[in-house]
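Single-letter residue listing:
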Amino acid sequence: MTALLDVSHVSKQFVVGGRLSRRRVDAVVDASFSLSADAPEIFTIIGESGSGKTTLARMILGLEPASSGDIHFEGRSSGERRRRRARLDFMRRVQPVFQNPFETFNPLKHVDRYLYSTARTLAGATSRAAAAAAVDASLQKVGLSLDEVAGRYAHELSGGQLQRVAIARALIPDPALIIADEPVSMVDASLRMSIVNLLRDLRDTLGVSVIYITHDLATAYYISDRLAIMQQGYVVEMGPARAILDAPEHPYSQLLKESVLSVDDAGLGHLVPADRSAAIAALEAAATTSLQERPDGRVVRA
Ligand code: ADP
Ligand code: MG
């Protein structure tokens, strides 16, 4: 059986700073996981700001090369996507939803133009009517319609509506995987749950898998099937979401759970828990530790 996605020992280093202050940032260290092609799921990557979530997502999307390790999607590596045709095939199957919909959509362009363009390049629509039908069908899947968004500019829509449009655009080519990088962090708190619910509905009705990236434990609680917790580039705990959220094992996972329950600004990406010392000590040991398997299916860096 071929996995939908297989991430194997992937690391990414950046070199930052000038000639005299050069240093290496380990953005992602030895990440491994896979998604099954048979069972759509919501796989959540959670961690505070700077833990490596976006870098991992960009490597999976082929927007950033890995420094080491392999990523295969439906059995093919990114190196096998150099030709335009293979790249288009990949883009039909894997679609991103980014954090800030107001950056995704150019303020001077009608938002539906993006959807038409995707319908033409990725869904094979050759006429205006065929493209309109594909666009409208996708918008319906997210609770909107072409009538509602045709001719509108980004600023005429709310953050929540715009993120729905971004998800509708992603759905046009009928992807198998959506990678949503903090899709609700720019969305009004009162609307977050409806977007998160939408992702869950898409899993159930369309069979699409979702890599949901967040720093928000509340939404992760609600929709995740599996969870990977990242801290400073390392996956420190990964497995069935319920098992981890109910009884986190790694000190950082415990900290994450405690913080979200106690910190008022959870959702801003800054966890300021009372005592980070245990988590930091565990992280400092991380280079010499490895992921160990537990009977309940989780792996913990220990
Ligand atoms: P997250 O999405 O979890 O906030 P990122 O993946 O954006 O984390 O960043 C992880 C680390 O890699 C951070 O220390 C960040 O500063 C660094 N980083 C990310 N992208 C770059 C880049 N293009 N150049 C240099 N450093 C980067
Ligand atoms: Mg990020």
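The structure under discussion appears in the preceding block.
Keep in mind that this is a model prediction, so the values were computed, not measured.

Peer 1: What am I meant to see in the overall build of the chain here?
Peer 2: Within the chain, the secondary structure is distributed over 12 helices and 12 strands. Taken over the C-alpha trace, the chain has a radius of gyration of 20 Å; the compact-globule value for 302 residues is 19 Å, and the two agree within 12%. Its C-alpha atoms put the chain at 60 × 50 × 45 Å along the principal axes. For the chain, the proportion of its 302 residues judged to be buried stands at 44%.

Peer 1: Sorry if this is basic, but what is going on with the nonpolar core here?
Peer 2: Ile60, Val135, Leu177, Ile179, Ala180, Ile211 and Ile229 are the most contacted members of the largest nonpolar core, which has 86 residues in total. In terms of residue count, the dominant contributor to this core is helix α7 (residues 159-171) (7 residues). Beyond its immediate chain neighbours, meaning those up to four positions away, alanine 180 contacts Val97, Leu199, Val210, Ile211, Tyr212 and Ile213.

Peer 1: For this particular structure, what's the right way to read the site of ligand 1?
Peer 2: Around ligand 1 sit Phe14, Val16, Val25, Ala27, Gly47, Ser49, Gly50, Ser51, Gly52, Lys53, Thr54 and Thr55, and those are all the residues in its vicinity. Contributing elements (two or more residues each) for the shell around ligand 1: β1 (5-16), β2 (23-35) and α1 (53-60). For the shell around ligand 1, a count of residues per class yields 4 nonpolar, 7 polar and 1 charged.

Peer 1: So what exactly am I meant to see when it comes to the pairing of β2 here?
Peer 2: It is a general feature of regular strands that their side chains alternate between the two faces of the sheet. Where β1 meets β2, 9 bridges bridge the pair, whose relative direction is antiparallel. Within the sheet, the bridge partner assigned to phenylalanine 14 lies in β2 and is valine 25. Linkage of β1 to β2, two consecutive antiparallel strands, is achieved through a turn of 6 residues, within which glycine 17 is found at a positive phi near 95°.

Peer 1: Whenever I open this one, unusual backbone geometry confuses me. Can you help?
Peer 2: Of all residues except glycine, most have a negative phi; of all peptide bonds, most are trans. Positioned with a positive phi, glutamate 74 is a non-glycine residue whose angle comes to about 45°. Inspection of the secondary structure assignment puts glutamate 74 in the loop between β4 (68-73) and β5 (76-77). Glutamate 74 gets classed as partly exposed once you count the C-beta atoms within 10 Å, which come to 16.

Peer 1: Would you take a moment to explain α1 for this structure?
Peer 2: Residues separated by three or four positions in an α-helix point in the same direction, a consequence of the helix having 3.6 residues per turn. With 7 of 8 residues buried, α1 lies mostly within the body of the structure. Residues Lys53, Thr54, Thr55, Leu56, Ala57, Met59 and Ile60 constitute the buried set of α1. One or two residues past the end of α1 sits glycine 62, with phi positive at roughly 80°.

Peer 1: Is there a simple way to explain the packing of helix α4 (residues 111-122) against α7 in this structure?
Peer 2: Two quantities define a packed helix pair, namely the angle between the axes and the distance from one axis to the other. Remark: α4 packs on α7, axes separated minimally by 9 Å, with the N-to-C direction vectors making an angle of 10°. Overall, the two elements α4 and α7 adopt an arrangement that is roughly parallel. The element α4 and its partner α7 pack so that their crossing is right-handed. Seen from α4, the contacting residues are Val111, Tyr114, Leu115 and Thr118; seen from α7, they are Val165, Ala168 and Arg169. Grouping the constituent residues of the contact of α4 with α7 by class yields 5 nonpolar, 1 polar and 1 charged.

Reading the values: rules and limits
Position numbers for residues start from 1 in each chain and track the written sequence from start to end. Written order decides the labels, with chains lettered from A and ligands numbered from 1. The predicted nature of this model means local features are confined to residues of pLDDT at least 70 and side-chain atom pairs, given and counted, to a pLDDT of 80 or more, with totals for whole chains, interfaces and linings taken over all residues. Numbering of helices and strands runs from the N terminus, with a helix taken as a DSSP run of H or I at least four residues long and a strand as a DSSP run of E at least two residues long. C-alpha atoms define the radius of gyration, and 2.2 Å times the number of residues to the power 0.38 defines the globule rule. Here exposure depends only on C-beta density: within 10 Å of a residue's C-beta, 20 or more other C-beta atoms make it buried, 12 or fewer make it exposed, and intermediate numbers make it partly exposed, the C-beta atoms being placed from the backbone. We define the nonpolar core as any set of buried residues of the types Ala, Val, Leu, Ile, Met, Phe, Trp, Tyr and Cys, connected via C-beta atoms lying within 7 Å of each other. Our contact criterion uses C-beta atoms placed from the backbone: two residues qualify when those atoms are within 7 Å. To decide whether a residue is near a molecule or strand, its C-beta atom is placed from the backbone and checked for lying within 6 Å of it. Residue type decides the class: Asp, Glu, Lys and Arg count as charged, Ala, Val, Leu, Ile, Met, Phe, Trp, Tyr, Cys and Pro as nonpolar, and the leftover types, Gly among them, as polar. Should DSSP find at least two bridges between two strands, the strands are taken to pair. Angular values range over 0 to 180 degrees, each being the angle between N-to-C directions of two axes fitted as lines to C-alpha atoms, with helices fitted over their stretch in contact. Our angle categories are set so that under 35 degrees counts as roughly parallel, over 145 as roughly antiparallel, 65 to 115 as roughly perpendicular, and the remainder as oblique. The hand of a helix crossing depends on one turn: near helix anticlockwise from the far one by less than a right angle means left-handed, and clockwise means right-handed.

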